[in-house]
Structures are given as structure tokens and as C-alpha cells.
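# Topology and contacts: notes
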Amino acid sequence: MECPRCGAHNETDVGSCLSCGVAMSDTSLPTIAQKPAASGPAAGKVGSPRLAQGAPPKQCPNCMTLNAATFKFCARCGTPLGATAAPGAKPGAPAASKPPPAPARAPAASKSPPPPPSKPATSARPVPPPPPKPVTGQARPASPPKPAAPVRPRARVSAIARDGSRSADFVLIKDETRVGRDVEVNEVRLDKDPFIAPLHAVFRFEGPQLVVQDSGTPNGVFLWLKERTLESGDELRIGRQRLRVEWMPDEPEQLADQPVWGSPNPGYVARVVQLLEGGGEGDVYPLKAGNNLVGRGAGDVSFPHDGYVSSKHATITVGEGSLAVKDLGSANGTFVRVNGQAAVTAGDLLLVGEQILRIDPA
């Protein structure tokens, strides 16, 4: 490889000319072909230096590379051999060149306030396109179904045990709720009482009013009372007794020539008939006009062997063509049979078979 400046022949793997130290890649210098031809005896000399036989190698002070004794410049970095390395220079790093002088600063332009922003040109508001006309015969999309409102209880029915505690609780939600042994589990199901029919009664809401309807069972539905007017043939539940209150039957016709003999009539106008289990009739208690006491002790209608009857339980009043019953604050109450249906409110007690049911608010 020939040096572009001096024309000396160099090895192909050197980075700088071994004779003049110029970089072999510098193309800005005129080549040997552009220089005037040398005259005289030096024209026939070959430009490549020869290595001296037996001479010690020269070490570059810059990159520490060993060079031949005849090299004037380092074959690696071009540093003149025999010169000292620059202080702080790292081996193998080329000498730092001076930075070019900084360009002269232009005189600062005089500051002037920026021009006020120009107002944007107002344009007319775009008119929205008209809504598309519905296609004739096209079905409208179905609206999603509304979530069902939570079901709220309308009333409660509590079963009361003999000690007064609540043994069961039933919630009335539907317009009609049945009572019996064989009704659904979400109704008033009383399947442990043999005196309750498979379908014994029905609770029904007539608007906001709750009514109970007897299904015509032999044992009926009885409503707790404090005082009430009775009709002839009405039934009462007092303690363990089931009683029917009625007027005295008409006297049989008597023959004019032979009157019927019997005990003198002290003025009885009504009577209480004891109804036995199985449907038979038991004792009959005549009632005189006025108040007639019913109890376990002395009285007009007495049941001394019934522990559920209070000593002074109730009175049955016989008036001029009227019958009435009044509870005297007994421990177990007085109940009258529901004929057909009856309205009930919160706090009322019902006697169904041997079960006491209490109406509670929702």
C-alpha cells in the first residue's frame, strides 16, 4: 500500500505511513501521481524502508506498540517514534485534537410583544341529521324485562304452644293461603294434629283486610272473643268443652183433655248443650233470663273436672229475643265458631283443632 502523501510503500495492515506518519485513509492529500516527478539520483530509489537487521524495536510512547527500528512513525497510531506520550493519555487512544473555536454569537434581537392571537373565524353550527324514519313492518326491539320486585310479607300466623311460646311461624304472601294437614309446605301446614282436616281453612286478603274462611269441616274454626252477640245454634269453646247455645225447643202440642205432667218450669228460655267427641250430645244446661255464669266452681253451667276452665270463666246473657256471651278474663279464653268467614286483625287468636294460631303484623 502506497502512502498518499510521500508515496512510500507500506504493509497493508498499517494505519499510518511508516515514513511520514500520515493516515493511510486520508484522501484529501495529493497522491504520488499528482506530485512532480523527482529528478536526480533519488528518483530511482524505492520508497519502502527496509528493516535493519539486529536493531532493537521501537516502542510507541502513545499506544505502546512495538515497531521496527527503521520506523519513524508508529504503524498503529501514527505517533512519531522517539516522542514522549502526552500526560494522562491512555495507551492506544489517539491524541486529542483541539476543539474548533466557538462561532461568534449573533447580537440579540430586540424583544417585541407577540401579536395578539387572531380570533378564529366563526362558522355556522352543523345541523344534526334528522332521525331515521322507522321502516314499515319492522318489529321494535323488545325492552329488557324489569326485575321482579321483592316479595314482602303481608301478615304472619304464629302457632302458640300450651306454655305460651311460639312453636311455628307462617308468612302470608299470596292472596290466599290454605290451612290444613295436607297443604303445601309454604302454607299453614299443621300435620301433627288429628283434629285438623286435610284442608281445614283458608286465609284470604280482601284488599288490605285479612279474613279467615272455614272450609266446612266438622271441627270448625273458632275465634277468640271478649264479648259478642250470639245466634241460636252458635258454638263455643271454653276450656276442653265444646258447647252449643240455643233457644229452648217449642213445647209439644198438648191434648185438651190430658195435659203432660212434669217438673215445674222456673222460666228457662234457652239452653247450653254439651257436644261430645264423636258427634254425640252430653249434658244440657238450661238458661234463665238474665246472666248465667259458666265456670269450674258453683254456677249455672259448671264443669268442675275441667282444669282448663276458670272458676268464673264467662257469662251467657239471655235477653228478650237475644243471646250474648262475655269472657270474664279467663286464663284460656272463650272462643266462638266462625260461621262462613270472619275478618281478623293483628292480635286475634284462632282455635283450629287443638292449635292456637295468633295473627301477627308483617
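Scroll up to find the structure.
Residues numbered from 1 in each chain as written. Predicted model: local features only at pLDDT ≥ 70, side-chain atom pairs only at ≥ 80, totals over all residues. Heavy atoms only, no water.

### Describing a nonpolar patch on the surface
- On the surface, Val-151, Val-171 and Ile-173 cluster together into a nonpolar patch covering about 230 Å² of accessible area.
- Among the secondary structure elements, Val-151 is positioned in the loop between β2 (66–67) and β3 (155–160).
- Of the residues examined, Val-151 reaches a relative accessible area of 61% and is grouped as exposed. (Patch = residues over 30% accessible without salt bridge, like charges linked within 9 Å, V, L, I, M, F, W, Y side chains within 5 Å. Areas by Shrake-Rupley, 256 points an atom, 1.4 Å probe, with all protein chains shown as cover. Salt bridge = Lys/Arg side-chain N within 4 Å of Asp/Glu carboxyl O. Helix = DSSP H or I, 4+ residues; strand = E, 2+ residues; numbered from the N terminus. Buried < 20%, exposed > 50% of the residue type's maximum accessible area, 1.4 Å probe, protein only.)

### What about the nonpolar core?
- Formed by 23 residues in total, the largest nonpolar core has its most connected members in Leu-172, Val-188, Phe-203, Leu-210, Leu-350 and Leu-357.
- Setting aside residues up to four positions removed in sequence, Leu-350 forms contacts with Phe-203, Val-212, Val-221, Phe-222, Leu-223, Phe-335, Val-344, Gln-355, Ile-356, Leu-357 and Ile-359.
- Formed by 19 residues, the second largest nonpolar core is a distinct cluster that contains Leu-225, Tyr-285, Val-294 and Leu-323. (Core = buried A, V, L, I, M, F, W, Y, C linked by side-chain atoms within 4.5 Å. Contact = heavy atoms within 4.5 Å.)

### Concerning the pattern of salt bridges
- Under the definition given, this model contains 14 salt bridges.
- Note that Glu-235 and Arg-242 form a salt bridge whose closest N and O atoms lie 2.9 Å from each other.
- Taking relative accessible area as the criterion, Glu-235 reaches 13% and is therefore assigned buried.
- Of the charged contacts in the structure, one is a salt bridge between Glu-246 and Arg-244, with a shortest N-O distance of 3.1 Å. The pair Glu-246 / Arg-244 is uniform in exposure class, with both members buried.

### Some thoughts on the sheet that holds strand β16 (residues 301–302)
- Strand order across the open sheet formed by five strands is β10-β18-β17-β15-β16, with mixed pairing between neighbours. Each having just a single partner strand, β10 (227–230) and β16 make up the two edges of the open sheet.
- Taken together, the two bridges between strand β15 (residues 290–295) and β16 define a ladder with parallel strand orientation. The residue bridging Val-294 from the neighbouring strand is Val-301, located in β16. (Pairing = 2+ DSSP bridges.)

### Considering the layout of surface pockets
- Of the volumes computed, that of the largest pocket is approximately 1100 Å³.
- As for the largest pocket, its lining consists of 32 residues, of which Arg-237, Gly-239, Arg-240, Leu-351 and Gly-353 are closest to the centre.
- Of all elements in the fold, only β11 (234–238), β12 (241–247), β13 (268–275), β21 (349–352) and β22 (355–360) reach the threshold of two or more residues within the lining of the largest pocket.
- Counting contributing residues, the lining of the largest pocket receives three or more from each of domain 1 (155–210) and domain 2 (221–248 + 267–337). (1 Å grid on protein atoms, 1.4 Å probe; cavity = no way out; pocket = protein on both sides within 12 Å on 5 of 7 lines; lining within 4 Å. Points joined across faces, edges and corners; volume = space filled by probe spheres on them. Domains from an automatic or database assignment.)

### Some thoughts on the sheet that holds β13
- Taken together, ten strands build an open sheet; the order of strands is β4-β3-β22-β21-β9-β19-β11-β12-β13-β14 and the sheet is antiparallel. Of all the strands in the sheet, the pair left with one neighbour each is β4 (166–172) and β14 (281–288). Between one strand axis and the next, the sheet turns through 30° on average, direction left out of account.
- Direction of pairing for β3 relative to β4: antiparallel, over a ladder of six bridges. Counterpart to Arg-156 in the pairing with β4 is Val-171. (Axes fitted to C-alpha atoms, helices over the stretch in contact; angles between N-to-C directions.)

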